[in-house]
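Chain residues, written in single-letter form:
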Amino acid sequence: MTTFKLKSFAKINPLLYISEKREDGYHNLFTLYQTVSIFDEIDLTIEKGKKGIEISSNRDIPLDSSNLVYKAIELFVEEFKVEPCFFKVFIDKRIPPGGGMGGGSSNAGAVLYFLKKHFKIKANKRILDLAAKIGSDVPLFLLGGTVMGTGKGDRVTKIKDLVNTEFLAVFTGKHYPTEKMYSLFDEKCEKTDIDLIKFSEIVLNTYKKGYHSFYNDFDRLLQYYDRDLFELFAYLKSKGYKPMLSGSGSTFIIFGEDLSRAKKFLPENFKAVKLEFVSGSDYERLLFG
Ligand SMILES: C[C@](O)(CO)[C@H](O)COP(=O)(O)OP(=O)(O)OC[C@H]1O[C@@H](n2ccc(N)nc2=O)[C@H](O)[C@@H]1O
Ligand SMILES: Nc1ncnc2c1ncn2[C@@H]1O[C@H](COP(=O)(O)OP(=O)(O)OP(=O)(O)O)[C@@H](O)[C@H]1O
């Protein structure tokens, strides 16, 4: 019986353009993901000769077969027919669940990353496909660093790291359900005219301009969905900062000079932490570190 320790990093979307709605109900996206320095810690104990999965956590998340780590292990065992094992998992949650930083997806991605190495699986494409079955944000966590995402966000390519940039992650305690945010976007917003060529140009420009060219289509919803946050964003912009939602929210992120000063403009019940990017070259070392 051996216990392995994993760090499961959160993500932000420096670029996120929502394209057409597909027949399966998902939206095609053009997005840039970036893994960032807040993480959950996962203790994974593997006992040979027995079978089963047991999940526990310090936070109120589902612990049954709907937990994304449970799904990851179940699908992995089924797909790669590995020897019978009992998997005991403890998830020490630090990434706020449901906050738009991909916490659950990251847990599943980190566990798949580990299982792939542990059971010496070489089939990268099959692992990525399996990750996509769990959620559209899961595959990016098999790569880490700066990752381009297309399709429903599940078709991922690791690209050159963006320049590391400090930013504030602001946890609002609000809940913005992802599905609802996508359908509100369909209802309220005209789609950006974008394709792979245009998106690639935007990505290239982002290497030059850094956070100044970061963009999230979900920000366009704030005026309809959350007037308070919409007004706070306008205020932060007037002070020279760049606020944007993380994924579909409700966490938001702030770029700019003097981040400590920016904290002073936030309501007291919002929790702000300074984070930085986790590069593609550091990702694996830190994940197992
Ligand atoms: C907002 C983002 O975090 C940006 O990276 C993701 O698009 C959300 O990814 P996720 O949490 O892994 O989402 P999933 O679990 O795959 O999907 C949740 C719900 O979001 C909507 N959804 C998600 C991804 C996508 N490309 N189009 C969608 O319309 C669908 O209604 C889906 O039922
Ligand atoms: N391992 C897990 N950790 C956290 N939440 C999980 C996990 N497995 C399933 N969930 C469920 O998934 C929901 C979304 O959690 P998650 O932290 O992934 O949200 P999110 O950050 O909004 O994700 P995204 O950015 O992908 O939309 C939680 O409210 C919880 O019920």
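Residues numbered from 1 in each chain as written. Chains lettered and ligands numbered in written order. Predicted model: local features only at pLDDT ≥ 70, side-chain atom pairs only at ≥ 80, totals over all residues. Heavy atoms only, no water.

With an unreviewed UniProt entry as reference, the protein chain is termed 4-diphosphocytidyl-2-C-methyl-D-erythritol kinase, source organism Thermotomaculum hydrothermale. Under the heading Pathway (unreviewed entry), UniProt records this for the protein chain: "Isoprenoid biosynthesis; isopentenyl diphosphate biosynthesis via DXP pathway; isopentenyl diphosphate from 1-deoxy-D-xylulose 5-phosphate: step 3/6." (UniProt positions renumbered as here; feature names shortened; annotations may be inferred.)

### Describing the overall build of the protein chain
Within the protein chain one finds nine helices and 11 strands. A compact globule built from 289 residues should have a C-alpha radius of gyration of about 19 Å, and the protein chain, at 19 Å, falls within 12% of that. With respect to the principal axes defined by its C-alpha atoms, the protein chain has extents near 60 × 40 × 35 Å. In the protein chain, which comprises 289 residues, the proportion classed as buried is 52%. By element, 50% of the accessible surface of the protein chain is carried by carbon and sulfur atoms, the whole surface being about 13700 Å². Side chains of the protein chain carry 43 positive and 38 negative charges; the gap between the two charge centres is 3 Å. (Helix = DSSP H or I, 4+ residues; strand = E, 2+ residues; numbered from the N terminus. Rg over C-alpha atoms; globule rule 2.2 N^0.38 Å. Buried < 20%, exposed > 50% of the residue type's maximum accessible area, 1.4 Å probe, protein only. Areas by Shrake-Rupley, 256 points an atom, 1.4 Å probe, with all protein chains shown as cover. Lys, Arg positive; Asp, Glu negative; His and termini not counted. Charge placed at Lys NZ, Arg CZ, Asp CG, Glu CD.)

### Focus on the side chain of Ser136
The topology assignment puts Ser136 in the loop between α3 (124-134) and β5 (146-150). Excluding anything up to four places from it in sequence, Ser136 contacts Tyr26, Tyr33, Lys152, Gly153 and Asp154. (Contact = heavy atoms within 4.5 Å.)

### Quick word on the packing of aromatic side chains
With the rule as written, the count across this model stands at 21 aromatic pairs. With a centroid separation of 5.5 Å and an interplanar angle of 65 degrees, the aromatic rings of Phe9 and Phe39 are classed as edge-to-face. Pair noted here: Phe9 is in strand β1 (residues 2-21) and Phe39 is in strand β2 (residues 27-48), with a separation of 30 residues, a long-range link. Seen from their ring centres, Tyr17 and Tyr215 are 4.7 Å apart, and the 25 degrees between their planes marks the pair as stacked. Of this pair, Tyr17 sits in strand β1 while Tyr215 is found in strand β8 (residues 215-216), placing the two residues 198 residues apart along the sequence. Here a set of aromatic residues connected by ring pairs shows up, and it is made of Phe4, Phe9, Phe39, Tyr113, Phe114, Tyr283 and Phe288. The ring of Phe39 has Lys7 sitting right over it, with the charged end atom 5.4 Å from the ring centre. A cation over a ring is seen here: Lys50 above Phe86, with NZ or CZ 5.2 Å from the ring centre. (Phe/Tyr/Trp six-rings, centres within 6.5 Å; stacked < 30°, edge-to-face > 60°. Lys NZ or Arg CZ within 6 Å of the ring centre and 35° of its normal.)

### Re the site of ligand 1
Neighbouring ligand 1 are 16 residues, the closest being His27, Ser136, Asp137, Lys152 and Tyr182. Lys152 places a main-chain nitrogen or oxygen 2.9 Å from a nitrogen atom of ligand 1. Isolated, ligand 1 exposes 640 Å² of accessible area, and the fraction of that covered by the protein chains is 83%. Among the detected pockets, ligand 1 sits in the largest pocket. When residues of the shell around ligand 1 are traced back to their parent elements, those giving at least two are β1, β2 and α4 (178-188). Of the residues in the shell around ligand 1, the class split is four nonpolar, eight polar and four charged. (Near = heavy atom within 4 Å. Polar contact = N/O pair within 3.5 Å; in protein donor to acceptor, adjacent residues only side chain to side chain. 1 Å grid on protein atoms, 1.4 Å probe; cavity = no way out; pocket = protein on both sides within 12 Å on 5 of 7 lines; lining within 4 Å. Sits in = over half its atoms within 2 Å of the grid points. Nonpolar A, V, L, I, M, F, W, Y, C, P; charged D, E, K, R; others polar.)

### Regarding the site of ligand 2
Around ligand 2, the surrounding shell holds 20 residues, and the nearest of these are Leu68, Gly100, Gly102, Gly104 and Asp137. Taking Gly99, its main chain carries an N or O atom lying 3.5 Å from an oxygen atom of ligand 2. Within the backbone of Gly102, an N or O atom sits 2.9 Å from an oxygen atom of ligand 2. Isolated, ligand 2 exposes 610 Å² of accessible area, and the fraction of that covered by the protein chains is 79%. With respect to the pocket detection grid, ligand 2 is positioned in the largest pocket. With four residues, helix α2 (residues 103-118) is the largest single contributor of residues to the shell around ligand 2. A breakdown of the residues in the shell around ligand 2 according to their chemical character gives six nonpolar, 11 polar and three charged.

### A few points about the domain arrangement of the protein chain
Interfaces are frequently sized by the accessible area removed from exposure as the parts join. According to the domain assignment, the protein chain contains domain 1 (2-160) and domain 2 (167-275). Computed over C-alpha atoms only, the centres of domain 1 and domain 2 are separated by 24 Å. Each partner contributes to the interface: domain 1 provides 29 residues, whereas domain 2 provides 33 residues. Between domain 1 and domain 2 lies a buried interface of about 2600 Å² when both sides are counted; carbon and sulfur atoms form 70% of it. (Domains from an automatic or database assignment. Buried area = accessible area lost by both parts, 1.4 Å probe.)

### Some thoughts on the nonpolar core
Residues Ile73, Phe76, Phe87, Val89, Leu112, Leu115 and Phe119 are the most contacted members of the largest nonpolar core, which totals 43 residues. Where this core is concerned, the elements lending two or more residues are β1, β2, β3 (52-57), α1 (68-80), β4 (85-92), α2, α3 and α9 (280-287). Among the elements that make up this core, the one with the highest residue count is α2 (seven residues). Apart from the residues lying within four places of it in its own chain, the contact partners of Phe87 are Leu44, Thr45, Ile46, Gly52, Ile53, Glu54, Ile73, Val77, Leu115 and Phe119. In terms of nonpolar packing, the next biggest core, distinct from the first, is built from 28 residues, Leu16, Phe218, Leu259 and Ala272 among them. (Core = buried A, V, L, I, M, F, W, Y, C linked by side-chain atoms within 4.5 Å.)

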